[in-house]
Amino acid sequence: MLFPFLTGGALNSVAFSIYGSEIRHLQAQCKTQEEKQRLWRKHVFIAGSLAGASQVFLGCPVEVVKVRLQTLRCHPWLCLHDIVVNEGIRGMYRGITPLMCRDVVPYGIYMLVYEYILGIEERLHRLKRDNKRGVGNRYEASLIGTAGAVAGVVSWIIIVPFDVVKTVMQTETSTTNQPSMMESFRYLVRTHGWRSLFRGSSMIIARAVPVNSATFLGYEWFLGKCHEHFEVDYT
């Protein structure tokens, strides 16, 4: 738990900052308000996918160490040292292909679903949120939490097989046996059946609800607090 606890916040910070920066850049290219609204969902998807891609190269070593710690008994920093010494930099990036499949396009879907569900809730409850975002009250917090939970569940349903294959690849410690993503897929299906690609899916989906609710609540709340203290130009 220690290693992902120390690195999780930094990875989320990078992802959300790239997402926010890219969506502002894409929206700024639009010449009219109508064009901004028409392309909003496309821009959310593109910005989300780029944010997911940014996490892959930073997050893969974290994922490798986390998986090893969950399957082997060792200290986090000693585990990191052993991987670099025995397996090299390539060892730190085991499973990067399924990780890309898990984090790039699905992260775009994740952000798109969040914004879409939040938009539906705002229309249903006749809420109007300004550019500064933030969490105004408990009622608004419940809407943000619900949108985050739905986004998390939808995105994880899509990517569970890639996460399973990634974990299998990152568990392997041999320097000679380094199967590709497709070889790992075929091995799992051939040995354990296609259902093995969805191992742990019930726990993953159950975890997605509170984790993603808390993630977006924290993001929106801190973003609102930052806007209280820093002047932001939205033009």
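Residues numbered from 1 in each chain as written. Predicted model: local features only at pLDDT ≥ 70, side-chain atom pairs only at ≥ 80, totals over all residues. Heavy atoms only, no water.

Chemist: So, the overall build of the chain: which residues are in play, and what are the values?
Modeler: On a plain count of helices and strands, the chain comes out with eight helices and zero strands. Relative to a compact globule of 235 residues, whose C-alpha radius of gyration would be 18 Å, the chain shows 20 Å and is just as compact. With respect to the principal axes defined by its C-alpha atoms, the chain has extents near 55 × 35 × 35 Å. The long-range share in the chain, meaning contacts at least 24 apart out of those at least 6 apart in sequence, stands at 76%. About 13800 Å² of surface is accessible on the chain, with carbon and sulfur atoms providing 61% of the total. Positive and negative charge centroids in the chain, built from 26 and 19 side chains respectively, lie 6 Å apart. (Helix = DSSP H or I, 4+ residues; strand = E, 2+ residues; numbered from the N terminus. Rg over C-alpha atoms; globule rule 2.2 N^0.38 Å. Contact = heavy atoms within 4.5 Å. Areas by Shrake-Rupley, 256 points an atom, 1.4 Å probe, with all protein chains shown as cover. Lys, Arg positive; Asp, Glu negative; His and termini not counted. Charge placed at Lys NZ, Arg CZ, Asp CG, Glu CD.)

Chemist: An account of the packing of aromatic side chains is requested, with residue identities and associated values reported.
Modeler: Under the counting rule described, the total for this entry stands at eight aromatic pairs. When the ring of Tyr 114 is compared with that of Phe 216, the centres are 3.7 Å apart and the planes differ by 10°; the resulting orientation is stacked. Within this pair, whereas Tyr 114 is found in helix H5 (residues 105-124), its partner Phe 216 is found in helix H8 (residues 201-229), the two being separated by 102 residues in sequence. This pair shows no difference in class: Tyr 114 is buried, exactly as Phe 216 is. Connected via pairs of aromatic rings, a cluster forms that spans Phe 16, Tyr 107, Tyr 110, Tyr 114, Phe 216 and Tyr 219. Above the plane of the ring of Trp 156 lies Arg 207, whose end atom (NZ or CZ) is 5.2 Å from the centre. (Phe/Tyr/Trp six-rings, centres within 6.5 Å; stacked < 30°, edge-to-face > 60°. Buried < 20%, exposed > 50% of the residue type's maximum accessible area, 1.4 Å probe, protein only. Lys NZ or Arg CZ within 6 Å of the ring centre and 35° of its normal.)

Chemist: Break down helix H3 (residues 76-92) for me, with residues and values.
Modeler: Here H3 contains 17 residues, and its C-alpha end-to-end distance of 13 Å is more than 12% below the 24 Å for a straight helix at 1.5 Å per residue. Of all the bends in H3, the greatest, near 100°, is centred on Asn 86. Along H3, the positions that sit buried rather than exposed are Pro 76, Cys 79, Ile 83, Glu 87, Gly 91 and Met 92. (Expected span 1.5 Å × (residues − 1). Bend = angle between axes of the 7 residues up to and from the residue.)

Chemist: Can you tell me about the nonpolar core, naming the residues and giving the values?
Modeler: In terms of nonpolar packing, the biggest core is built from 19 residues, with Tyr 19, Tyr 107, Tyr 110, Met 111, Tyr 114, Leu 118 and Phe 216 touching the most fellow members. For this core, the secondary-structure elements that each account for two or more residues are helix H1 (2-28), helix H2 (33-71), H5 and helix H6 (138-171). If we ignore the near neighbours within four places in the chain, the residues touching Tyr 19 are Val 44, Ala 47, Gly 48, Ala 51, Met 111 and Glu 115. Of all hydrophobic cores here, the second largest spans 13 residues; its members include Val 153, Trp 156, Leu 188 and Ala 208. (Core = buried A, V, L, I, M, F, W, Y, C linked by side-chain atoms within 4.5 Å.)

Chemist: An account of a nonpolar patch on the surface is requested, with residue identities and associated values reported.
Modeler: A surface patch of nonpolar side chains, amounting to about 650 Å² of accessible area, comprises Met 1, Leu 2, Phe 5, Leu 6 and Trp 77. Ranked by residue count, the leading element in the nonpolar patch is H1, at three residues. Here Met 1 shows up in the segment before H1. (Patch = residues over 30% accessible without salt bridge, like charges linked within 9 Å, V, L, I, M, F, W, Y side chains within 5 Å. Salt bridge = Lys/Arg side-chain N within 4 Å of Asp/Glu carboxyl O.)

Chemist: Provide a residue-level description of the pattern of salt bridges, including the pertinent values.
Modeler: The full count for this structure, using the stated rule, is seven salt bridges. The closest approach of N and O atoms between Glu 63 and Arg 102, which form a salt bridge, is 3.6 Å. Linking Glu 63 in helix H2 with Arg 102 in helix H4 (residues 96-103), this pair joins segments that are 39 residues apart in sequence. According to the relative accessible area criterion, Arg 102 is buried, its value standing at 10%.

Chemist: Talk me through the packing of H5 against H6; I want residue IDs and the actual numbers.
Modeler: The N-to-C vectors of H5 and H6 enclose an angle of 145°; their axes lie 8 Å apart at closest approach. As for the relative orientation of H5 and H6, their crossing is right-handed in sense. Contact residues: H5 offers Pro 106, Ile 109, Tyr 110, Val 113, Tyr 114, Ile 117, Leu 118 and Glu 121, while H6 offers Leu 143, Ile 144, Thr 146, Ala 147, Gly 148, Val 150, Ala 151, Gly 152, Val 154, Ser 155, Ile 158 and Ile 159. When the residues that make up the contact of H5 with H6 are grouped by side-chain class, the tally is 15 nonpolar, four polar and one charged. (Axes fitted to C-alpha atoms, helices over the stretch in contact; angles between N-to-C directions. Left-handed = near helix turned anticlockwise from the far one by under 90°. Nonpolar A, V, L, I, M, F, W, Y, C, P; charged D, E, K, R; others polar.)

Chemist: Pulling in residues and values, what's your account of the confidence of the model for the chain?
Modeler: Mean pLDDT over the chain: 86, with 92% of residues reaching 70 or higher. Least confident of the elements in the chain is H3, whose mean pLDDT is 86; most confident is H4, at 94. (pLDDT = per-residue confidence, 0-100.)

Chemist: Break down the packing of H2 against H3 for me, citing the residues and quoting the values.
Modeler: In the contact formed by H2 and H3, the axes pass within 10 Å of each other and the chain directions differ by 125°. When the axes of H2 and H3 are compared, the pair comes out oblique. Crossing hand, H2 versus H3: right-handed. Where H2 approaches H3, its residues Cys 60, Pro 61, Val 64, Val 65, Arg 68 and Leu 69 are matched on the opposing element by Pro 76, Cys 79, Leu 80, Ile 83, Glu 87, Gly 91 and Met 92. Grouping the constituent residues of the contact of H2 with H3 by class yields ten nonpolar, one polar and two charged. (Parallel < 35°, antiparallel > 145°, perpendicular 65-115°, else oblique.)

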